[in-house]
Amino acid sequence: MMKGFACAAVLLCYIFSPSVYADYALGCEDPNYHQYIEAQFAADEAKNRRLLASTWQDYVRSAQTSDNPYQVISDLSHHLKYSAQFDPVEDVTAKIALVFDHADALSVEQQIAGNIFDRFSSETHAVGIARAWIAYRTGKRDEAFEELLKSIEISDSAVLSSFGPDFYLVRQMYSDGHVEPVVAYINKSEEFWKGRRPDGLRYVWQEMIKADCKIQFNSVDTIQVLELGLRVLDVKKDYGLSR
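Residues numbered from 1 in each chain as written. Predicted model: local features only at pLDDT ≥ 70, side-chain atom pairs only at ≥ 80, totals over all residues. Heavy atoms only, no water.

Digging into the layout of surface pockets
Looking at the largest pocket, its volume works out to about 970 Å³. Around the largest pocket, the lining comprises 36 residues; the ones closest to its centre are Lys81, Phe163, Gly164, Pro165 and Asp166. Listed by contribution, the elements that provide at least two residues to the lining of the largest pocket are helix H2 (31-65), helix H3 (69-86), helix H5 (108-118), helix H6 (121-137), helix H8 (158-163), helix H9 (168-175) and helix H11 (196-210). The residue makeup of the lining of the largest pocket, split by class, is 16 nonpolar, 12 polar and 8 charged. (1 Å grid on protein atoms, 1.4 Å probe; cavity = no way out; pocket = protein on both sides within 12 Å on 5 of 7 lines; lining within 4 Å. Points joined across faces, edges and corners; volume = space filled by probe spheres on them. Helix = DSSP H or I, 4+ residues; strand = E, 2+ residues; numbered from the N terminus. Nonpolar A, V, L, I, M, F, W, Y, C, P; charged D, E, K, R; others polar.)

Okay, structure coming up:
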């Protein structure tokens, strides 16, 4: 009995001990990690600026040539994800209104079909995140936090349940020191984003937040958290995650 207890204790110590081979000797405060994060953020911004242009082109092409109104709305909503970050606020506001113009142009039958398929949840989420970005960029912090949480008041979303919600604004808020709304957003995502992968990601993010670590809010964090030497489970093994 004692032998079994000792083995279990050793196993727990192994699982929750800092990695002996941690790449960042100073953990979350390591300058090399901060440099790495800054480089990743810069690369993401460059990529998103390219997507800002390409997703607008996709929408214009759909609006001019597509016979599928759902595709037009989907393309414009996808573009909002990037427009909200970089475009002038008045342009983002106009594009949000344009989404509703396209939705209003749907026939009753088309609206019913769209609701049956996915309740327009992805489009609603995109609009909600864009509104939160507008509020945040104009200094209306409380309104931004409120809009952020409203953006994931969804149900029966096949897309968001599979791929999860947007995290670009969350990352910006966290980088700016707004921890409470970020934690609330992560916790609220449990209502629709279920499974081993999202559970593992949420676990890693929550542990990194407790340690005051910089976070990318993507699956790479499941690797970085071990390289930082934090006392956490290896979610790639325990949650069955892959990079």
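The rest of the description comes next.
Looking at the pattern of salt bridges
Tallied over the full model, the rule gives 8 salt bridges. Arginine 61 serves as the salt-bridge partner of aspartate 58, at 3.1 Å between the closest nitrogen and oxygen. Of this pair, aspartate 58 and arginine 61 both sit in helix H2, 3 residues apart, roughly one helical turn. Note on aspartate 58: relative accessible area 33%, which makes it partly exposed. (Salt bridge = Lys/Arg side-chain N within 4 Å of Asp/Glu carboxyl O. Buried < 20%, exposed > 50% of the residue type's maximum accessible area, 1.4 Å probe, protein only.)

Some remarks on the confidence of the model for the chain
Confidence along the chain averages 86 in pLDDT terms, with 82% of residues attaining 70 or more. Every residue in residues 1-21 is under pLDDT 50, and counting partners more than four places away or in other chains gives 13 contacts. (pLDDT = per-residue confidence, 0-100. Contact = heavy atoms within 4.5 Å.)

Focus: the packing of aromatic side chains
What the rule picks out here adds up to 10 aromatic pairs. Taking the centre distance of 5.1 Å and the plane angle of 45° together, the rings of tryptophan 56 and tyrosine 59 count as tilted. Here tryptophan 56 pairs with tyrosine 59, and both are found in helix H2, just 3 residues apart, close to one helical turn. We note lysine 95 situated over the ring of tryptophan 56; from NZ or CZ to the ring centre the distance is 4.5 Å. Over the ring of tyrosine 136 we find arginine 141, and its NZ or CZ is 4.0 Å from the ring centre. (Phe/Tyr/Trp six-rings, centres within 6.5 Å; stacked < 30°, edge-to-face > 60°. Lys NZ or Arg CZ within 6 Å of the ring centre and 35° of its normal.)

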